[in-house]
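Structure at a glance
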Amino acid sequence: MEHIVAGRRPALPLRLLQVLEPSGGGSGRHFLDLCRGVHERGHHVEAVYSPVRAEEGFVRELKAIGLPAVHAVDMKRPPGPSDIGRFLELRRLIRRGNFDIIHGHSSKAGALTRLRLPGPHVPRVYTPHAFRTLDPTLGRAGRLIYGTIEWGLARFLTDRLICVSEDEYRHALSLNMPEKRMSVIVNGVAPPSCEMAQTIRASFGIAPDAFVFGFIGRLSAQKAPERLIAAFKSVAASVKNSHLVMVGAGELERSLRKAMAESGLQNRMHLTSAFTGPQAAPAFDLLVMPSRYEAMSYVMLEGAAAGKPIIATDIGGARTVIEDGQNGFILPNSDDTSLLAKTMVKAATPETFGKLSAIAQRLKDRFTLDVMLDQTETLYQKAAAKRRVPAILQPAE
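Residues numbered from 1 in each chain as written. Predicted model: local features only at pLDDT ≥ 70, side-chain atom pairs only at ≥ 80, totals over all residues. Heavy atoms only, no water.

Before going further, it helps to examine the sheet that holds strand β10 (residues 269–272). Overall, parallel pairing links the 6 strands, which are arranged β10-β9-β8-β11-β12-β13 in an open sheet. Unpaired on one side and paired on the other, β10 and β13 (328–331) mark the two borders of the sheet. Sheet twist, expressed as the mean angle between neighbouring strand axes with direction ignored, is 20°. Of the strand pairs in this sheet, strand β9 (residues 242–247) and β10 are connected by 4 bridges, and their pairing is parallel. By the bridge assignment for β10, V247 is matched with T272. Where helix α8 (residues 225–238) meets the sheet, its contacts fall on β8 (211–216), β9, β10, β11 (286–289) and β12 (310–313), and the angle it forms with β9 comes to roughly 170°. Against the sheet, helix α13 (residues 338–348) makes contact with β8, β11, β12 and β13, and its axis sits at roughly 170° relative to β13, the strand it touches most. (Pairing = 2+ DSSP bridges. Helix = DSSP H or I, 4+ residues; strand = E, 2+ residues; numbered from the N terminus. Axes fitted to C-alpha atoms, helices over the stretch in contact; angles between N-to-C directions. Contact = heavy atoms within 4.5 Å.)

Moving on, we get to the environment of I94. Checked against the element boundaries, I94 lands in helix α3 (residues 82–97). Note: C-alpha distance between I94 and T113 (19 residues apart in sequence) is 8.9 Å. Once residues within four sequence positions are removed from consideration, I94 is found in contact with L17, F99, I102 and R124.

Here we take up the pattern of salt bridges. In this structure the tally under the stated criterion is 22 salt bridges. Across the salt bridge formed by R114 and E150, the nearest N and O atoms sit 3.7 Å from each other. Of this pair, R114 sits in helix α4 (residues 106–114) while E150 sits in helix α5 (residues 140–157), and the two are 36 residues apart along the sequence. Just as R114 is buried, E150 falls in that class too. Two residues, R201 and D285, come together in a salt bridge whose shortest N-O distance is 2.8 Å. Here R201 is found in helix α7 (residues 197–203), whereas its partner D285 is found in the loop between α10 (277–280) and β11, with 84 residues between them in sequence. Accessibility expressed as a relative area gives 6% for R201, which makes it buried. (Salt bridge = Lys/Arg side-chain N within 4 Å of Asp/Glu carboxyl O. Buried < 20%, exposed > 50% of the residue type's maximum accessible area, 1.4 Å probe, protein only.)

So, on to the nonpolar core. In this structure, L62, V321 and Y380 are the most contacted members of the largest nonpolar core, which totals 74 residues. Aside from chain neighbours lying at most four places away, what touches V321 is M296, M300, L301, A304, I310, N327, R366 and F367. With 30 residues, the next largest nonpolar core counts L228, L271, V288 and A347 among its residues. (Core = buried A, V, L, I, M, F, W, Y, C linked by side-chain atoms within 4.5 Å.)

Residue alternation in strand β6 (residues 160–163) divides its side chains into two sets, R160 and I162 and L161 and C163, and both sets are buried. A crossover connection joins strand β5 (residues 124–127) to the parallel β6 through α5; in handedness this β-α-β unit is right-handed. Where β6 lies against strand β7 (residues 182–184), 3 bridges are found, and the strand directions are parallel. Pairing of C163 across the sheet is with V184, part of β7. On the question of chirality, the crossover connecting β6 to the parallel β7 by way of helix α6 (residues 166–174) is right-handed. (Right-handed = clockwise from strand over helix to strand, strands pointing away.)

In terms of burial, α4 is a largely internal element, 8 of the 9 residues being buried. Taken together, the buried positions of α4 are occupied by S106, K108, A109, G110, A111, L112, T113 and R114. Residues of α4 that are buried sit in contact with β1 (15–20), α1 (25–40), α3, β4 (101–105), β5 and α5.

Moving on to helix α14 (residues 350–362). Under the 1.5 Å per step criterion, the end-to-end length of α14 is 18 Å for 13 residues, consistent within 8% with the ideal 18 Å. Listed in full, the buried residues belonging to α14 are T352, F353, L356, S357, I359 and A360. Of the surrounding elements, those touching the buried residues of α14 are β8, α11 (298–305), β13 and α13. (Expected span 1.5 Å × (residues − 1).)

Put into structure tokens, the structure is as follows:
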């Protein structure tokens, strides 16, 4: 693994093509932050997104950055015959653009931007944003298929592979990916504003002195929000002045609202998609992340940047952000929610919460957006410089 150390900003700007298929969640957030950040640093940045699953807010924000060009390419998540047309469309963009770096994000865009014939090429950078093989529900056959595809692309067609946490990096090594082509660059976030905190609480009729457990994320099987609802049913009886606020949207929304209505606690459990993660995090007392798998969650970083204690399952990035028993707790990744409920009750006691909060406040400035941009920009420069050096002069790897 190459450790990227940020240096002075280079004088010569680069021509960068950033490509993404899914627009939601952390990958969309990372894409916007990266496009905006390197654009503001003077580089020529063009972006490709897929309108198939694009969220309206993502498209609006991407176009508002003011990039020289934003291209819509109809990439679909499942593999299929349409991928051939999308590959050819991307290849035409790459050939016309005279780019120094092509950066694919997530599995579909990462595959389509890296597929090529051997020979001289524009350096390809790939950020998985959670390998598909991290999903514990995938099954042995699925892990073998997806793992083999990722290994082949990494081994033969990737110049740099960026893991967003040490956990994701170790997982990549377990798939036999080439260590010499991998780097770890942890996602970064800007400090969240506290302006909306009281507004969010007041919108649900939550008293200022109530204890609020919070959840932010897609309402999907990966994020396991149903675990938190089940746990809060037990927590509510012990932590009398407590509420659960869940911020997100997704395919599980209907079933979650039904579970809330049937719990008898609908006045203390609230679900909304009206706020963003950075807006919502300061409104919580404690962030809960019951996910089944992650690489490095932006929600976790937002909670940490807001100085909030975090309870999370043992997912990718958890041990990077959470010091177990200090600024939060890390729990086994299980559908048995009894331990989650007990830990939430423990964390809400005045003595434990006071200790967790004090340490969380002390650690809140560790993962900044500028550090992530510095390290990524340095990686781009090294990859582009290596391309310009004749092969006979390049050091052997």
